[in-house]
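Listed below are the residues making up each chain.
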Amino acid sequence: MAAEHFTVLGERFGRLFTPTANVVRLFNGAQWAESPAFLPLGRFLMFSDAPNDRVMRYDECNGQTAVFCAPPRDADGA
C-alpha cells in the first residue's frame, strides 16, 4: 500500500509523531471509521464503521480487510 502525504495543521499535534512518519490507508470502504484496537497476538486491527452498522477486521498478515460482524449489537459502544 502506498504511503499518503499529510499536513499537520496544529503545532501541538506535530510533537506527537515522528516527522518522517507515513500514513498508510488500510481500507477505503468505511463511511466513518473509529475506535481502532490492535490485537498483537492475532496481528489484526479491529475498528467500527457505525454508519454501516458493522465492525471491520484488518489482517496484518495478508493485508485484507473484511467485515468481522454485522450488525455489531452495540459492540462499538454506541
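Residues numbered from 1 in each chain as written. Predicted model: local features only at pLDDT ≥ 70, side-chain atom pairs only at ≥ 80, totals over all residues. Heavy atoms only, no water.

## A short note on the overall build of the chain
When its secondary structure is counted, the chain shows 1 helix and 6 strands. The order of helices and strands in the chain, counted from the N terminus, is β-α-β-β-β-β-β. The burial tally for the chain puts 18% of its 78 residues in the buried class. Taking the intrachain contacts of the chain between residues at least 6 apart in sequence as the baseline, contacts between residues at least 24 apart amount to 13%. (Helix = DSSP H or I, 4+ residues; strand = E, 2+ residues; numbered from the N terminus. Buried < 20%, exposed > 50% of the residue type's maximum accessible area, 1.4 Å probe, protein only. Contact = heavy atoms within 4.5 Å.)

## Side note on the pairing of strand β4 (residues 44-49)
Burial within β4 is extensive, with 6 of its 6 residues counted as buried. Because side chains alternate across β4, one face comprises the buried residues F44, M46 and S48, and the other comprises L45, F47 and D49, equally buried. Where strand β3 (residues 33-39) and β4 come together, 5 bridges link them in antiparallel fashion. Considered in β4, the bridge of L39 is made with F44. Connecting the antiparallel pair β3 and β4 is a turn made up of 4 residues, with R43 showing a positive phi of about 55 degrees. Linking β4 to strand β5 (residues 54-59), which pair antiparallel, is a turn of 4 residues; within it D53 sits at a positive phi near 55 degrees. (Pairing = 2+ DSSP bridges.)

## Brief notes about the pattern of salt bridges
All told, the structure shown has 3 salt bridges when counted by the stated rule. For E60, the salt bridge goes to R43, with nearest N and O atoms at 3.0 Å. Pair noted here: E60 is in the loop between β5 and β6 (65-69) and R43 is in the loop between β3 and β4, with a separation of 17 residues, a long-range link. Residue class for E60 comes out partly exposed when judged on its relative accessible area of 38%. Note that R57 is salt-bridged to D59, the shortest N-O span being 3.7 Å. Assessed through its relative accessible area of 26%, R57 is described here as partly exposed. (Salt bridge = Lys/Arg side-chain N within 4 Å of Asp/Glu carboxyl O.)

Everything listed here is a matter of coordinates, which is why it stays silent on function.
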